[in-house]
Amino acid sequence: LWLDATNIDGKQNTTLTNGSNVSEWKDLSGNGNNAIQTISSKQPNYIHQDNLDFVDFDSTFSQVLISPLDINSSSLNRLTVVTVFSIEKTTEVGVWGQDDGGWDRFLLFNHPQGSGLSNGTGVENMTSLSGMVNQGLMITQSYYKEDESNGSYFNLNGNLLTEFTSNNNDGFSDFIIGSINRTDGSWMHHGKIAEILVFDR
């Protein structure tokens, strides 16, 4: 999967104006896993700011995009998610995931257990990640290799923060962007996303 805010519509954003709703974020990988939101009130906005392009999510309106990409551990034992984004809220915020309540794969901030990836039984807490709220754009690399001792890891801006063992269950078969699940008002993203890349390795 490749979602790039400089080319949301697949036409270099020529069909979008600053502030317009994003109903579909085109998958530039060629795999057809476009991220969609059919409900206008839940559509994030295209923002052009400081000569940069973003998809801007407001948690107040439960804005999410859903791609049909299946990132379940039974489908993809190894998985890399690279995300360029900002967090602009100090309360509970999700970035991406497919959690149906069973500690499935996701990335979140400000959980009572901390900020980080789900490891299958809780949050793999990284204190320096929590410090990135309201600090502008960051690049994260989330790598899962299921059921291998310290086979999973997380990088922030190119620096390794943690290695851990993941034992994630299967959740939703869709990749949810702007939250970790499909529940309105639960773990909604609040901030900007510039790019998301997902690799099956």
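Here's a quick rundown of the structure.

## A word on the overall build of the chain
Part 1: Scanning the chain from N- to C-terminus turns up one helix and 16 strands.
Part 2: Once the C-alpha set of the chain is aligned to its principal axes, its extents read approximately 45 × 35 × 30 Å.
Part 3: Sequence-distant contacts, at least 24 apart, represent 60% of the contacts inside the chain between residues at least 6 apart.
Part 4: Per element, the accessible surface of the chain, about 8400 Å² overall, is 44% carbon and sulfur.
Part 5: Distance from the positive charge centre (10 side chains) to the negative charge centre (24 side chains) of the chain: 4 Å.

## Quick word on the pairing of strand 5 (residues 52-57)
Part 1: Where burial is concerned, most of strand 5 is hidden: five out of the six residues are buried.
Part 2: Two elements, strand 4 (residues 45-49) and strand 5, share five bridges in a ladder whose sense is antiparallel. In the sheet register, isoleucine 47 faces strand 5, and the bridge partner there is phenylalanine 54.
Part 3: What sits between the antiparallel neighbours strand 4 and strand 5 is a turn of two residues, in which aspartate 50 has the positive phi angle 55°.

## Observations regarding the nonpolar core
Part 1: Ranked by internal contacts, the top residues of the largest apolar core, which has 39 residues, are Trp25, Trp96, Phe109, Phe175 and Ile177.
Part 2: Mapped onto this core, the elements with two or more residues apiece are strand 5, strand 7 (78-85), strand 8 (93-97), strand 9 (106-111), strand 12 (138-145), strand 13 (152-156), strand 15 (175-177) and strand 16 (191-199).

## With respect to the pattern of salt bridges
When the charged atoms of two side chains with opposite charge come close together, those side chains can pair.
Part 1: Per the stated rule, a full pass over the model turns up seven salt bridges.
Part 2: With a shortest N-O distance of 2.4 Å, arginine 182 and aspartate 174 are connected by a salt bridge.
Part 3: For aspartate 174, a relative accessible area of 18% puts it in the buried group.
Part 4: Two residues, aspartate 200 and arginine 201, come together in a salt bridge whose shortest N-O distance is 3.4 Å. Of the two residues, aspartate 200 and arginine 201, neither departs from the other in class, the shared state being exposed.

Calculation rules
Residues numbered from 1 in each chain as written. Predicted model: local features only at pLDDT ≥ 70, side-chain atom pairs only at ≥ 80, totals over all residues. Heavy atoms only, no water. Helix = DSSP H or I, 4+ residues; strand = E, 2+ residues; numbered from the N terminus. Contact = heavy atoms within 4.5 Å. Areas by Shrake-Rupley, 256 points an atom, 1.4 Å probe, with all protein chains shown as cover. Lys, Arg positive; Asp, Glu negative; His and termini not counted. Charge placed at Lys NZ, Arg CZ, Asp CG, Glu CD. Buried < 20%, exposed > 50% of the residue type's maximum accessible area, 1.4 Å probe, protein only. Pairing = 2+ DSSP bridges. Core = buried A, V, L, I, M, F, W, Y, C linked by side-chain atoms within 4.5 Å. Salt bridge = Lys/Arg side-chain N within 4 Å of Asp/Glu carboxyl O.

In short, the description is geometric, and any link to function would need to be established separately.
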